[in-house]
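Examining the three-dimensional arrangement
Listed here are the chains, written in short residue letters.
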Amino acid sequence: MALTAGTKISHYTVVSRLGAGGMGEVYKAQDALLDRPVALKILPADLVDNEDRVRRFVQEAKAASALNHPHIVTIYEIGKVELEAGEAKETASPGEVSGNGSNGSGPKELFHYIAMEFIDGDTLRDKIHRDRTDLKKLLEYFAQAADGLAKAHGSGIVHRDLKPENVMITHDGYAKILDFGLAKLLEPQKPATADDMLEAETMMMGRTQPGIVMGTIGYMSPEQVQGKVVDQRSDIFSFGCILYEATTGHKPFHGESVIDSLHKIVYSQAPPIREFNPETPAELQRIIRKCLSKDPDERYQSIKDATIDLRELVREYDSQPSVSAYYATMTSAYPQTASNPDITMPSGSVPAPPMKDRKPWLWVAMGAAGALVVGLVVILVGQLISGGSRGTESGAPFGDVRITKLTNTGKSELAAISPDGKYIAHALNDGDKQSLWVRHVATSRNVEIVPPLEHRFSGISFSRDSNYIYYTVIEKNRPVAILYQIGALGGTPKRLIEDVDSPISISPDSTQFVFLRGFPIQRRHELVIANIDGSGERTLAVRASPQVYYYPAWSPDGKVIACSAGTGAGGAYMNVVAVNVADGSEKPITPETWIDVGRVSWVKDGTALIMTATDQTSKVSQVWRVAYPTGESRRITNDLNHYVSASLTEDSNTLAVIERDSLANLWTAPSGDASRARQITSGAGKYGRVSWTPDGKLLYNTREGSDLNIWRMDADGSNQKQLTADSGMNFHAAASPDGRYIVFASSRGVGPNDYNIWRMDADGSNPRQLTRAGSDVSPAFSPDGKWVVYQSHVSSRPHLWRVPIDGGEAAQLTNLTSWPPSVSPDGKYIACGYWDEQLNSRISIALIPFEGGQPIKSFNIPIGLVRWTADSSGLMFIDNRGGVSNIWLQPLAGGEPKQLTDFKSDLIFSFDWSRDRQFACSRGIATSDVFIISNLK
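All figures in this text were calculated on a predicted structure; none of them were measured in a lab.

What about the overall build of the chain?
Along the backbone of the chain there are 11 helices and 58 strands. Out of the 937 residues in the chain, the part that is buried amounts to 59%. Put simply, the chain shows about 35000 Å² of open surface, and 49% of that area lies on carbon and sulfur atoms.

Brief notes about the sheet that holds strand β27 (residues 560-567)
Read across the open sheet, the four strands follow the order β26-β27-β28-β29; overall the sheet is antiparallel. The open sheet terminates on both sides in strands that have one partner only, identified here as β26 (548-554) and β29 (586-588). Going across the sheet, the axis of each strand differs from the next one's by a mean of 30°, ignoring polarity.

Description of the sheet that holds strand β16 (residues 433-440)
Either a parallel or an antiparallel arrangement is found when strands of a sheet pair, and the pairing is made through backbone hydrogen bonds. One open sheet accounts for four strands, arranged β14-β15-β16-β17; its pairing is antiparallel. Strand pairing shows two members of the sheet lacking a second neighbour, β14 (412-417) and β17 (445-453), which therefore form its edges. Recorded for the sheet is a direction-independent mean angle of 20° between the axes of neighbouring strands. Sheet analysis places β14 next to strand β15 (residues 423-430), joined by four bridges and oriented antiparallel.

Focus: the side chain of Ser818
Along the chain, Ser818 turns up in strand β49 (residues 817-823). Accessibility expressed as a relative area gives 0% for Ser818, which makes it buried. At a separation of 2.7 Å, a polar atom in the side chain of Ser818 contacts the side chain of Thr814. Every residue in contact with Ser818, bar those within four places of it in the chain, is listed here: Gln791, Pro798, His799, Leu800, Cys832, Gly833 and Tyr834.

Brief notes about the confidence of the model for the chain
When pLDDT is averaged across the chain, the result is 80; 79% of the residues are at 70 or more. Per-element averaging of pLDDT across the chain places helix α10 (residues 324-329) at the bottom with 25 and strand β22 (residues 505-506) at the top with 97. In the predicted structure, residues 85-104 sits below a pLDDT of 50 and forms 42 contacts with residues beyond four places in sequence or in another chain. Low pLDDT, under 50, characterises residues 318-398; the predicted model gives this stretch 287 contacts beyond four residues in sequence or across chains.

Some remarks on the packing of helix α3 (residues 135-154) against helix α6 (residues 232-248)
Packed helices, taken two at a time, are described by the angle their axes make and the gap between the axes. Orientation of α3 relative to α6, taken along the N-to-C sense of each, is 170°, at an axis distance of 11 Å. Taken together, the axes of α3 and α6 are roughly antiparallel relative to one another. Residues Leu135, Leu138, Leu139, Phe142, Ala146, Leu149 and His153 of α3 touch α6, and the partners they reach there are Gln232, Asp235, Phe239, Ile242, Leu243, Ala246 and Thr247. In terms of residue class, the contact of α3 with α6 is made up of 10 nonpolar, three polar and one charged.

A look at a negative patch on the surface
A cluster of acidic residues, Asp420, Asp465, Glu650 and Asp651, forms a negative patch on the protein surface. The topology assignment puts Asp420 in the loop between β14 and β15.

Quick word on the packing of aromatic side chains
By the definition in use, this model includes 13 aromatic pairs. Relative to Phe239, the ring of Phe142 lies with its centre 5.5 Å away and its plane at 85°, an arrangement referred to as edge-to-face. With Phe142 in helix α3 and Phe239 in helix α6, the pair connects residues that are 97 residues apart, well separated along the chain. According to the relative accessible area criterion, Phe142 is buried, its value standing at 3%.

Section: unusual backbone geometry
The omega torsion of the bond from Tyr628 to Pro629 falls at 10°, within 30 degrees of zero and hence cis. The residue Pro629 is located in the loop between β32 (621-627) and β33 (633-635) in this model. Of note in the backbone geometry, Arg132 takes a positive phi value of approximately 50° without being a glycine. Topologically, Arg132 is positioned in the loop between α2 (124-130) and α3.

Description of the pairing of strand β30 (residues 596-602)
Within β30, seven of the seven residues are buried, which leaves it mostly tucked inside the rest of the structure. Of the pairings in the sheet, the one linking β30 to strand β31 (residues 608-614) comprises five bridges and is antiparallel in character. Residue pairing across strands places Val597 opposite Ala613, the latter belonging to β31. The hairpin turn running from β30 into β31, its antiparallel successor, is five residues long, and Gly606 in that turn takes a positive phi close to 75°.

Let's talk about helix α8 (residues 282-291)
Residues of α8 that are buried include every one of Leu284, Gln285, Ile287, Ile288 and Cys291, and no others. The arc that holds every buried residue of α8, seen down its axis, measures 160°, which confines them to one face. Of the exposed residues in α8, those oriented more than 90 degrees away from the buried face are Ala282 and Arg289.

So, the nonpolar core
Judged by nonpolar contacts, the single largest core of 48 residues is most densely connected at Leu124, Leu138, Leu139, Phe142, Phe239, Leu243 and Ile303. Mapped by element, the contributors of at least two residues to this core are α2, α3, β10 (167-170), β11 (175-177), α6, α7 (258-267), α8 and α9 (303-316). With 10 residues, α3 is the single largest residue contributor to this core. In contact with Phe239, not counting residues within four places along its chain, are Phe142, Ala146, Leu162, Cys291, Ile303 and Leu310. Counting 20 residues, the second-largest nonpolar core is a separate cluster that includes Val450, Ile460, Tyr471 and Ile482.

A look at the pairing of β49
Most of β49 sits out of view: six of its seven residues are buried. The pairing of β49 with strand β50 (residues 829-835) spans five bridges and is antiparallel. Its bridge partner lying in β50, Thr817 is registered against Trp835.

Description of the pattern of salt bridges
Taken as a whole and judged by the stated rule, the model has 32 salt bridges. Ionic pairing is found between Glu413 and Arg660, a salt bridge with its closest N-O pair at 3.6 Å. Residue Glu413 is found in strand β14, and its partner Arg660 is found in strand β35 (residues 655-670); the two are separated by 247 residues along the sequence. Each member of the pair, Glu413 as well as Arg660, carries the same accessibility label: buried. Lys697 is paired through a salt bridge with Asp714; the nearest N and O atoms lie 2.7 Å apart. A residue pair is termed long-range when its members are at least 10 positions apart, and Lys697 in the loop between β37 (690-692) and β38 (698-704) and Asp714 in the loop between β39 (707-713) and β40 (721-722) qualify at 17 residues. Residue Lys697 is classed as partly exposed on the basis of its relative accessible area, which comes to 24%.

Describing α3
An α-helical segment advances 3.6 residues per turn. Residues three or four places apart therefore align on the same side. In this model α3 runs 28 Å from its N-terminal to its C-terminal C-alpha over 20 residues, within 8% of the 28 Å that 1.5 Å per residue would give. The element α3 is extensively covered by neighbouring structure, given that 16 of its 20 residues are classed as buried. For α3, the N-terminal cap is Asp134; the gap from its side-chain oxygen to the backbone nitrogen of Lys136 is 3.0 Å. At the exit of α3 stands Gly156, carrying a positive phi of roughly 80°.

Description of the packing of α6 against α8
It is the contact of α6 with α8, at a shortest axis distance of 8 Å, that shows an interaxial angle of 145°. Regarding α6 and α8, the two cross each other, and that crossing is left-handed. Two secondary-structure elements touch here, α6 through Ile236, Phe237, Phe239, Gly240, Leu243, Tyr244 and Thr247 and α8 through Leu284, Ile287, Ile288 and Cys291. Grouping the amino acids of the contact of α6 with α8 by side-chain chemistry returns nine nonpolar, two polar and no charged.

Quick look at the environment of Ile9
Within the secondary structure layout, Ile9 lies in strand β1 (residues 8-9). The exposure class assigned to Ile9 is buried, which follows from its relative accessible area of 0%. Separated by 102 residues in sequence, Ile9 and Phe111 have C-alpha atoms that sit 9.2 Å apart.

A few points about the environment of Ser747
As for its placement among the helices and strands, Ser747 is situated in strand β42 (residues 741-751). Judged by its relative accessible area of 6%, Ser747 falls in the buried class. Counting along the chain gives 39 residues from Ser747 to Leu708, while the straight-line C-alpha distance between them is 9.8 Å. One polar contact links the side chain of Ser747 to the main-chain amide nitrogen of Met729, over a distance of 2.8 Å.

Some details on the state of the cysteines
All told, the structure shown has zero disulfides when counted by the stated rule. Counting only cysteine sulfurs, Cys291 is the nearest neighbor of Cys241, a cysteine outside any disulfide, at a range of 9.2 Å. On the basis of relative accessibility, which here comes to 0%, the residue Cys241 falls in the buried class.

About the criteria used
Residues numbered from 1 in each chain as written. Predicted model: local features only at pLDDT ≥ 70, side-chain atom pairs only at ≥ 80, totals over all residues. Heavy atoms only, no water. Helix = DSSP H or I, 4+ residues; strand = E, 2+ residues; numbered from the N terminus. Buried < 20%, exposed > 50% of the residue type's maximum accessible area, 1.4 Å probe, protein only. Areas by Shrake-Rupley, 256 points an atom, 1.4 Å probe, with all protein chains shown as cover. Pairing = 2+ DSSP bridges. Axes fitted to C-alpha atoms, helices over the stretch in contact; angles between N-to-C directions. Polar contact = N/O pair within 3.5 Å; in protein donor to acceptor, adjacent residues only side chain to side chain. Contact = heavy atoms within 4.5 Å. pLDDT = per-residue confidence, 0-100. Parallel < 35°, antiparallel > 145°, perpendicular 65-115°, else oblique. Nonpolar A, V, L, I, M, F, W, Y, C, P; charged D, E, K, R; others polar. Patch = residues over 30% accessible without salt bridge, like charges linked within 9 Å, V, L, I, M, F, W, Y side chains within 5 Å. Salt bridge = Lys/Arg side-chain N within 4 Å of Asp/Glu carboxyl O. Lys, Arg positive; Asp, Glu negative; His and termini not counted. Charge placed at Lys NZ, Arg CZ, Asp CG, Glu CD. Phe/Tyr/Trp six-rings, centres within 6.5 Å; stacked < 30°, edge-to-face > 60°. Arc of directions from axis to C-beta. Core = buried A, V, L, I, M, F, W, Y, C linked by side-chain atoms within 4.5 Å. Expected span 1.5 Å × (residues − 1). Left-handed = near helix turned anticlockwise from the far one by under 90°. Disulfide = S-S within 2.5 Å.

Right, here's the structure in full:
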């Protein structure tokens with residue numbers, strides 16, 4: 001019985017039919033409980049009496065639902081219903097969701113269903129054959145799919161039906177693996193018996209019965225065809241078949257008939273790739289050959305190994321000829337098929353610190369003790385809005401701009417391009433360490449010039465002749481950055497000067513350089529000029545708090561230094577100023593008030609600046625061209641990605657930038673047990689700061705439209721409700737101990753860079769403003785619910801304050817640099833990030849009395865979000881080791897921290913514990929890669 005629009009399946013309403021496959025039909029439906037679209041896979045009623053089909057249908061849901069991964073489809077629910085004249089009702093099985101009832105008088109049909117994430121995208125087959133997507137981009141999709149497959153294999157699950165239809169590509173560029181209907185738990189290896197072979201042969205002769213084939217012709221492994229026991233290496237063979245098809249446009253074992261195809265899979269080698277695509281890189285041909293080995297022992301033994309080779313190939317791919325022109329003229333060997341239906345949600349947001357929370361001196365100081373934790377938040381700045389496709393502004397003079405991804409590790413933090421355009425220098429994260437690499441653009445050769453050490457790079461610049469690199473690093477336990485010089489291809493670093501708080505910019509005659517130096521105690525920021533060897537320092541210009549300088553750039557004529565600059569007066573904003581080299585006088589270049597302005601570079605003739613900046617409208621960091629001296633600005637990029645760290649070649653034709661991205665969802669785990677962790681949200685990562693309410697619900701941030709808002713949901717992810725609306729940026733929500741109120745930071749009534757603390761009722765009603773300084777974030781309740789402690793910038797530095805829950809006069813608690821507070825359950829102490837403002841002192845997590853004053857104890861643990869144990873005996877914090885985040889516990893009594901969670905992958909951005917010891921966190925991935933933007937002229 002076909003389902004028509006309006007048919008009720010439990011609390012789902014069918015919208016339209018999406019397609020059909022061997023395991024059933026798929027429909028788009030609307031979830032009435034959570035008000036979201038879903039995909040419903042229905043097993044037809046005439047197959048319900050086939051126990052094997054039902055078993056495998058249920059197995060699909062169980063296998064896929066156990067695989068919480070951004071590149072695997074999310075399963076919401078499995079159930080079965082009886083349909084009668086378009087109605088549904090619950091069967092007798094306990095615990096299943098009921099339908100909308102039936103009078104029991106008409107004929108009934110029993111349907112099994114799976115409700116899963118709805119993907120709005122295209123199949124990999126569409127990308128290969130219909131869109132003829134560039135091979136490099138396809139390889140990126142393959143690498144993502146391989147990550148998802150590795151997750152399945154790590155859980156002991158083999159897919160057994162990989163094919164282009166079972167990989168969807170979402171509109172925001174994520175690959176998702178579908179249809180684990182043929183998956184089964186790995187069985188111990190055993191040789192096939194004669195009975196096994198006979199059964200396999202019988203199955204192949206009786207193909208008319210649906211569902212008997214354990215795979216799809218053309219993508220099955222030799223051991224599948226022969227009826228042997230399969231393991232993860234069978235999926236690797238299928239993966240190789242799809243990779244071959246993406247490279248050549250042909251199936252590797254296409255025959256004139258089913259029998260011919262099966263014979264070729266077992267006995268014939270795939271045609272040489274060069275016969276179809278002679279421009280295929282040799283390394284890609286090797287990868288495919290290794291995947292397609294007939295003998296499983298000669299294939300990749302782990303899909304992770306294949307993924308490593310693929311990602312390395314993508315990194316090197318720019319030196320290989322493009323196959324786009326080849327794809328444009330080639331004809332597929334067989335017709336396209338309809339899209340395989342299924343899933344995704346747009347990427348979303350995790351809030352970043354307000355602009356004026358990001359003082360340059362503070363970020364330098366933070367680097368030694370916990371830059372990684374802070375960096376996780378900074379990486380997510382761009383995720384305040386949804387991800388999207390790249391492009392340039394309509395009608396702008398940059399229509400031919402080309403954007404090319406240069407690295408694919410997701411670990412590049414800073415980048416600079418040499419003036420001659422031959423080299424790219426970039427800092428690479430390596431767990432708790434960073435290294436400095438140089439890539440020769442023409443040959444794609446990579447050279448490590450500074451090995452991985454426990455330091456953080458804070459600036460990279462090339463000499464004017466491209467022969468040297470100047471870099472600043474923040475060494476372990478030292479908050480002051482040191483400037484070094486090294487050859488472009490390596491050598492012994494030469495230490496020049498210390499206390500350099502920005503990348504340097506070299507004068508046109510290469511005799512001097514300019515940089516920023518911050519003095520937090522004196523509340524001022526200076527532009528300093530020094531000789532090229534570091535001698536002869538002199539101060540050119542000074543900005544006193546709340547005015548600050550950020551990134552300087554020396555003009556081609558040597559007369560002016562352009563500098564991104566910020567102010568906290570009259571509402572925080574940023575702009576670009578010109579500082580006269582002769583006398584230090586300053587005048588604005590841009591009339592706009594920007595949310596953020598990054599590094600600036602001059603074009604060759606001095607008539608414009610190229611920079612990354614966030615404007616008040618789009619609220620995402622893009623690449624801009626600003627005319628000089630008029631200040632007229634035009635966007636070069638016009639997409640929803642987040643670009644930073646811009647660096648321009650001398651001919652002004654090519655720009656190197658860092659693009660940052662993230663994917664974050666909410667997870668829960670009983671008592672923090674990672675083995676029982678469950679992803680309760682889905683999609684491309686729109687879930688930010690998370691905290692529990694006293695009644696066991698979760699508060700979190702997400703982006704809807706142009707605003708950032710606070711939402712609430714049940715602990716299982718259901719009953720999502722928006723609590724703030726039409727009121728700018730709202731984040732950092734915390735519930736009162738009695739559950740009556742929620743306090744939060746909000747920009748309502750002020751501006752995108754100004755924030756105050758507000759209170760609302762638990763249902764989102766009756767909002768009331770508690771503070772008015774315009775620089776207040778991160779509120780936390782006292783245990784009695786009478787006070788709200790928060791972070792505020794009333795001067796150039798963050799301090800802790802508190803205000804009564806009913807409003808009134810606020811009181812300052814600290815007079816030294818301190819940021820996001822967490823109040824102990826016994827009400828005695830406040831834990832916070834802390835710096836005593838001495839030049840070489842360490843950043844730490846400190847305890848201050850609740851009444852305020854000096855710290856009584858400090859701990860050398862990563863700075864960032866901290867939570868208290870229920871008995872106030874310890875502090876829990878996020879620690880990242882080897883690229884994986886876990887929660888650790890630091891006892892107040894001292895001693896070494898101990899690990900509480902044992903996640904094996906991904907990063908934790910935010911976390912909290914409920915009163916009954918349930919763990920919740922915002923968790924996912926953060927990437928940062930180098931991109932080249934060319935054809936700027």
